[in-house]
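Coordinate analysis (summary)
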Amino acid sequence: MGPRALPVAVIATLKTSGEFPMTLKLYGSDLSPYVSRCRMQFLAKGLDVELLDPPNGLKSDEFTAMNPIQKMPTLEFDGWFLPESDVICEYIEDTHPTPSLRPADAKACARMRLISRIGDLYVVPAFGPLFGQMRAAEPDKGIVDKAIEDSTKTLGWLEAFIGTDGFAVGKSLRLADCALVPIMFFVDMLLPQFGNNPYDSCPNLKKYWDAIRKTSEAEQTLSRMGEGMKRMRQG
């Protein structure tokens, strides 16, 4: 059985360009921050994408043959499959360099990658335990307090490196923004539910979030994530 399109998927054909004169497919869900990271990059580059449900689920033999890591997103084109959101984004930058979402300056590019890495490796694992507590009839205070403590610490690391001109690095959209916007969607949603203001000690991060979420790419990305959250809550 072939891949099944999501009922709400927006299906389009990739504009004939560079290496991809065919349909570009991305397997994953609207709510995944890693899928959203890739889709925000596609928006910034004007690339259309067919969003597909992992066929028969992430653990299925069919999807495992595409991606043995069994995680989303997975990019498919011309019968070739590429997992891992950061790798996908870098590959798209290499094959579709215009408009560039990487700074030309090596130091700025390193800072861009550092910001993305802090988000992926530290911020997401810090707030992750709150998902389970959000559904609990009586949240475990110890788990909640530790998650808030870790989130405050790791968001402070972002505060130290985030740009002050409305973007993560420099004065235009970069890959770090594509990584951070979906992460901040959850920061902005989860922490206040447990009585924490994530921006109390992070004024630069608050300024960044207020600015970046108004960009067209972020607005569309956050809207799709919001729809995904609504469907999840409805079961």
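1. A word on the overall build of the protein chain
Counting its regular elements, the protein chain contains nine helices and five strands. Compactness check: the protein chain gives a C-alpha radius of gyration of 18 Å against a globular reference of 18 Å for 235 residues, within 12% of the reference. Expressed as a percentage of the 235 residues in the protein chain, the buried residues total 49%. When the accessible surface of the protein chain is summed, it comes to about 11,200 Å², and 54% of that surface belongs to carbon and sulfur atoms.

2. Re the side chain of Gln133
Inspection of the secondary structure assignment puts Gln133 in helix H5 (residues 129-135). Here Asp140 takes part through its backbone nitrogen, which lies 2.5 Å from a polar atom of the side chain of Gln133. In this view, Gln133 contacts Pro139, Asp140, Ile143, Val144 and Phe194; residues no more than four positions away in its chain are not counted.

3. Some words on the environment of Gly226
Position of Gly226 among the secondary structure elements: in helix H9 (residues 216-233). Taking relative accessible area as the criterion, Gly226 reaches 28% and is therefore assigned partly exposed. For the pair Gly226 and Gly57, spaced 169 residues apart in the sequence, the C-alpha separation amounts to 22 Å.

4. Thoughts on the packing of helix H6 (residues 141-161) against helix H7 (residues 175-193)
Running from N to C, H6 and H7 cross one another at 145 degrees; their axes reach a closest spacing of 13 Å. When the axes of H6 and H7 are compared, the crossing they make is left-handed. Residues Ser151, Leu155 and Leu158 of H6 form the contact with H7, whose own contacting residues are Leu180, Met184, Val187 and Leu191. Tallied by class, residues from the contact of H6 with H7 come to six nonpolar, one polar and no charged.

5. Observations concerning the nonpolar core
Ranked by internal contacts, the top residues of the largest apolar core, which has 60 residues, are Phe42, Leu75, Phe127, Leu155, Phe186 and Leu205. In terms of residues, this core owes the most to one element, H7, which gives 13 residues. Apart from residues lying up to four places away in sequence, Phe42 is in contact with Leu24, Leu26, Leu47, Val49, Leu75 and Ile92.

6. Brief notes about the packing of aromatic side chains
Inspection of the entire model under this criterion finds nine aromatic pairs. When the ring of Phe131 is compared with that of Phe186, the centres are 5.3 Å apart and the planes differ by 70 degrees; the resulting orientation is edge-to-face. Of this pair, Phe131 sits in helix H5 while Phe186 sits in helix H7; the two residues are 55 residues apart in sequence, bridging distant segments of the chain. What makes Phe131 partly exposed here is its relative accessible area of 21%. By way of ring pairs, the aromatic residues Phe127, Phe131, Phe185 and Phe186 are connected into one cluster.

7. So, helix H4 (residues 106-127)
Under the 1.5 Å per step criterion, the end-to-end length of H4 is 31 Å for 22 residues, consistent within 8% with the ideal 32 Å. When the local axis directions of H4 are compared, the greatest deviation, roughly 35 degrees, occurs at Gly119. Of the residues making up H4, those classed as buried are Cys109, Met112, Ile115, Ser116, Ile118, Gly119, Asp120, Val123, Val124, Ala126 and Phe127. Where the residues of H4 are buried, they touch helix H1 (33-45), H5, H6 and H7. N-cap assignment for H4: the residue whose side-chain oxygen lies 3.1 Å from the backbone N of Lys107 is Asp105.

8. Regarding the state of the cysteines
Under the criterion given, the structure shown has zero disulfides. As a non-bridged cysteine, Cys109 has Cys89 as the owner of its nearest cysteine sulfur, 13 Å distant. Judged by relative accessible area, Cys109 falls into the buried class, the value being 10%. No disulfide involves Cys178; its nearest neighbouring cysteine sulfur is the one of Cys89, lying 6.1 Å away.

9. Considering the pairing of strand E4 (residues 74-77)
Of the two faces of E4, the one carrying Thr74 and Glu76 and the one carrying Leu75 and Phe77 are both buried. In this sheet, E4 lies alongside strand E2 (residues 25-27) in antiparallel orientation, the contact comprising three bridges. Paired with Leu26 across the two strands is Leu75, which belongs to E4. By the bridge criterion, four bridges tie E4 to strand E5 (residues 80-83) in an arrangement that is antiparallel. Its bridge partner lying in E5, Phe77 is registered against Trp80.

Rules used in this analysis
Residues numbered from 1 in each chain as written. Predicted model: local features only at pLDDT ≥ 70, side-chain atom pairs only at ≥ 80, totals over all residues. Heavy atoms only, no water. Helix = DSSP H or I, 4+ residues; strand = E, 2+ residues; numbered from the N terminus. Rg over C-alpha atoms; globule rule 2.2 N^0.38 Å. Buried < 20%, exposed > 50% of the residue type's maximum accessible area, 1.4 Å probe, protein only. Areas by Shrake-Rupley, 256 points an atom, 1.4 Å probe, with all protein chains shown as cover. Polar contact = N/O pair within 3.5 Å; in protein donor to acceptor, adjacent residues only side chain to side chain. Contact = heavy atoms within 4.5 Å. Axes fitted to C-alpha atoms, helices over the stretch in contact; angles between N-to-C directions. Left-handed = near helix turned anticlockwise from the far one by under 90°. Nonpolar A, V, L, I, M, F, W, Y, C, P; charged D, E, K, R; others polar. Core = buried A, V, L, I, M, F, W, Y, C linked by side-chain atoms within 4.5 Å. Phe/Tyr/Trp six-rings, centres within 6.5 Å; stacked < 30°, edge-to-face > 60°. Expected span 1.5 Å × (residues − 1). Bend = angle between axes of the 7 residues up to and from the residue. Disulfide = S-S within 2.5 Å. Pairing = 2+ DSSP bridges.

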